[in-house]
Each structure stands twice: as structure tokens, then as C-alpha cells.
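Summary of structural features
Listed below, chain by chain, are the residues.
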Amino acid sequence: MAKPVSGFSKCTKDQKIEWLASNYFADANQGSAVLKQYWNDNQKLQKLHDEFIENAVTNYYLPFGIAPNFLINDILYALPMAIEESSVIAAASNSAKFWLDKGGFKTHVKGTIKSGQVHFNFNGPSDLLRTFFDSVKALLLEGTQAITTSMERRGGGIISLELVDLSAELSDYYQINVRFETKDAMGANFINSCLELIATNLDRQAANYEKFISNNYSLSIVLSILSNYVPECVATATVSCPISLLATESISGLEFANKFVRAIDIANASVQRAVTHNKGVMNGIDAVVLATGNDFRAIEAGVHSYAAKSGKYKSITHAKIEDGIFSFWIEVPLALGTVGGLTNLHPLVKLNLEILKNPSAPQLMQLVATAGLAQNFAAIKSLITTGIQKGHMKMHLKNILNQLEATQEEKVAAIEHFSIVAVTHAAAKNFINSYRNR
Ligand code: MEV
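Residues numbered from 1 in each chain as written. Predicted model: local features only at pLDDT ≥ 70, side-chain atom pairs only at ≥ 80, totals over all residues. Heavy atoms only, no water.

1. Remarks on the site of the ligand
For clarity, the threshold we go by: Throughout this document, a residue counts as near a molecule or strand when at least one of its heavy atoms sits within 4 Å of that molecule or strand. Two N or O atoms form a polar contact when they lie within 3.5 Å of each other; inside protein one atom must be a possible hydrogen donor and the other a possible acceptor, and for residues adjacent in sequence the pair counts only when both atoms belong to side chains. The protein chains shown are the only cover counted for residues, whose accessible areas, like all others here, come from Shrake-Rupley with a 1.4 Å probe. Computed over the protein atoms alone on a 1 Å grid, cavities are sets of points where a 1.4 Å probe fits but cannot get out and pockets are open sets with protein on both sides within 12 Å along at least five of seven lines; a residue lines them when it has an atom within 4 Å of a point. For a molecule to be placed in a cavity or pocket, more than half of its atoms must lie within 2 Å of the grid points of that cavity or pocket. Under the DSSP-based scheme used, a helix requires at least four consecutive residues in state H or I and a strand at least two consecutive residues in state E, with every element numbered from the N terminus. Ten residue types, Ala, Val, Leu, Ile, Met, Phe, Trp, Tyr, Cys and Pro, are classed as nonpolar, four, Asp, Glu, Lys and Arg, as charged, and the remainder, Gly among them, as polar.
Lining the immediate environment of the ligand, one finds Glu85, Arg273, Thr276, His277, Lys279, Gly280, Asn283, Ala379, Leu383 and Ile388. Separating an oxygen atom of the ligand from a side-chain N or O atom of Glu85 is a distance of 2.6 Å. Contact between the ligand and Arg273: an oxygen atom at 2.7 Å from a side-chain N or O atom of the residue. Summarising the interface, the protein chains cover 82% of the accessible area of the ligand, which totals 300 Å² for the free molecule. In a pocket analysis with a 2 Å cut-off to the grid points, the ligand is assigned to the second largest pocket. No other element matches helix 10 (residues 271-291), which puts 6 residues into the shell around the ligand. Classifying every residue of the shell around the ligand gives 3 nonpolar, 4 polar and 3 charged.

Next comes the structure, spelled out in C-alpha cells:
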């Protein structure tokens, strides 16, 4: 039975692994060896990764691949993607190829503003709070100048600062809502530093405000943090073509377009479908977000909350048929950065940004929105025609063969066999067994 440990963060990496091995692994030597086999021989690179986080013991690999042939606003891109799911990059690549000779993807940015809030309690009348706020607002802004000056030089900074009365939602609850432009930075540190300064000053000013003191009203800060809900930081991506160009071997262009639009309608009508539909979108979005060193949890939270902005969780993509033209688009909040954070630090991230032609943050937003749209197109295309499993299991076959410890020769034979036979785990196992006993 493992016991609580203290001072763990101060142990060396070897000591941490030793502790882990002796407390958690059935075979301590084997467990330690597995961890250590992921260490990088390049000591400098390994140290860099170790220092990203606390208590690092090894590296956790994800496959990194490229989806080429993305024509975006008439420029050809290859999208770097970090993802473990077998069929995602294949699907993205198919989608890119499909739209390549149909005008490609058209994208634009609707806004780049982010926000953060100082959340606080106030137990007096709200009109008095408003009078107080109006009298200190300039001071609160002035107090952030030490950190906003360099951001302002880059064209960013604080856009607005307002008092929001939420006491009808929760008694005595108010917030200062601050809107920011952070240019090419995701801006989390900048935003949070500004908010904490504003909160400190707000607290100080309130403590000295005569009308609060004389009436025994108190203002107390609860917390200050950026919001990952970013409905003003939104990119769109669109594809469109005459419906006749959508015909496949098994289905006419019109039938395809109608079924496709119906699939989106279903995602808007059913939350069960909407969540999976949007999960498919996020397969593309997360993979590029991760490859470019951005925070995919923030993006996930922002996208899903945006999908529910009407009060009902719906599809994040949209489709229509108008005058014989099929259009399919995404409008998605993406608070991304191309400077700061891991972008200058992680060698692969730097390289991936180079693959993407060193985009500004708004440009990256458009590329990521495209990845989401392309991924969703591929998923819906499969779902309304062949079904998802055929392609998915074909890609997954290699994983099954690796699980069965197939040799190279066995893999080649299996891949040929399953090019005309449906892949299942049992079928693959039977095939390998009979191949071994032939
Ligand atoms: C699987 O990772 C994603 C899909 O389920 C998405 C969808 O159903 O639209 C195929």
C-alpha cells in the first residue's frame, strides 16, 4: 500500500521513478525501464521538457503528422497535427483534397477580443457601487499601466472596463468585466496580471471610500481570472460548391447535399448527436492547437460553451443549399497565440509555426477553424455514405496488428487480406493465428 510522500518535487528524476516503481509497479525494473526509454538522449532538449512542468519523470509521445493540400484563401498549406486517433489525419487530408479543386476554404476573423473578470461581493446598494466605480475607473486603468504599456506598443491593451451587476443571479455578486486585445499572444498572463492589479486597487479604493465606511458597506474580492468564454474572438471557415460536384459512387450530389444538411439539422435538434458531431470537429481543431503549442483545454471549453450560447447545445458547424450551391461553414471561438507560451520554447512548435508560414494569431485562428471544418466534413461524408467504421477500422488495423505483435511479414499479409475484407479485432486475430499456423 503506497503511503503519502512529502518533498517529492525536490527529489531527482531518478528518485521519483524509484519511488514510483517501488510503490506502484508490479515489476519495478520493467516499469522504470519503460519510463526511461522515453527519455531523450539530447540532454538539453530533455531538460527543456522536464522544466515545462513539476514532477516530470519522462516524456509522453503523441504521433505528429501532416495533412497536406489545404487550399485556404488561395494559399496552399500543410497542417501539422498531433493526435493519437488513427483516422483523423487521413480524414483531414481527404477533406483537403476534396475541396482543393473546388476553390478550397475561405476564412476570416470576426474579432480578436478576449475578456477577464474581477468577481467580487458588495453588500450595499448597487447605485452607490456604480457611483464609486465611476469615480475610480480611471484610477483602476491607470494602475495597470506598468504592464499594459508594452502591449499597447504592439497595438493591444485594455479595450474596456465595466461594472456588471449580477446580484439578481447571486446575492451581492458583481464583476468588473475587462475586455482585452492581446495581438499575437494568447495573453493569459497579461490578462491575469492586469486583473489582479485591478482587483488590488479596487479593494484598496473601496476600503477608503467614505460612503462605504460610514454605512458599513463592504466590498470583498472573491477571485480574478480571464474567461475562456471568448465569443468576441471568433474565426470562420467556409467551403461551397455546386451540388453536382458532391456526387460519390453511391449517391447523387443532390442526395448527398440533402443528407448532409439533414445531418447538421439532427445535430442541432439532438444533444446526443451534437456532442459527438462537435467532438469530431475538435479532432481537427485540437490536433493543430496542440501542434502549435496552444492550450487545447481552453479551446475545448470555449468552443463547447459557444456551441451552447443559444441556451441549447448545438452543432458548431452549419450547412445550407441555396440556388444549387452547397455551403458548409464553421464559426468558432479560438483564443490562440503565436508568440509567448511554448511557441518560442518548444522546438517542434517553432517548426510547426514555420510549416504554417509563421502566422499571426488571427491567421492561426483561421487555419485552425479550417482544420475543424475539414474534419467535420470528412466525418459527415463517411457517416451519410459508407459509415464510419470501414475507414476507421482500416486505419486502426495497424494498432490491432501491433497489439497482436505481428511481424512485418504478417502485417503486409494482413493489410492485403483486409483490403477487401471488413476489419474487426476478432477477424484480425483469426487471420494472424491462421497465418502463423499455415
Ligand atoms: C470520432 O472520433 C469522431 C466522429 O464520431 C465524429 C462524428 O460522429 O461526427 C466520427
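Here the narrative resumes.
2. Considerations on a nonpolar patch on the surface
Put simply, the test is: Each patch is built from residues lacking any salt bridge and having more than 30% relative accessible area; the joining distance is 9 Å for like charges and 5 Å for nonpolar side chains (Val, Leu, Ile, Met, Phe, Trp, Tyr). Throughout this description, the term salt bridge denotes a Lys or Arg side-chain nitrogen within 4 Å of a carboxyl oxygen of Asp or Glu.
On the surface, Phe64, Ile66, Leu348, Leu351 and Ile355 cluster together into a nonpolar patch covering about 390 Å² of accessible area. At the level of secondary structure, the elements contributing two or more residues to the nonpolar patch comprise strand 1 (64-72) and helix 12 (347-355). Structurally, Ile66 is set in strand 1.

3. Considering the environment of Ala422
Inspection of the secondary structure assignment puts Ala422 in the loop between helix 15 (408-417) and helix 16 (425-436). In the structure, Ala422 is positioned 412 residues away from Lys10 in sequence and 53 Å away in space, judged by C-alpha atoms.

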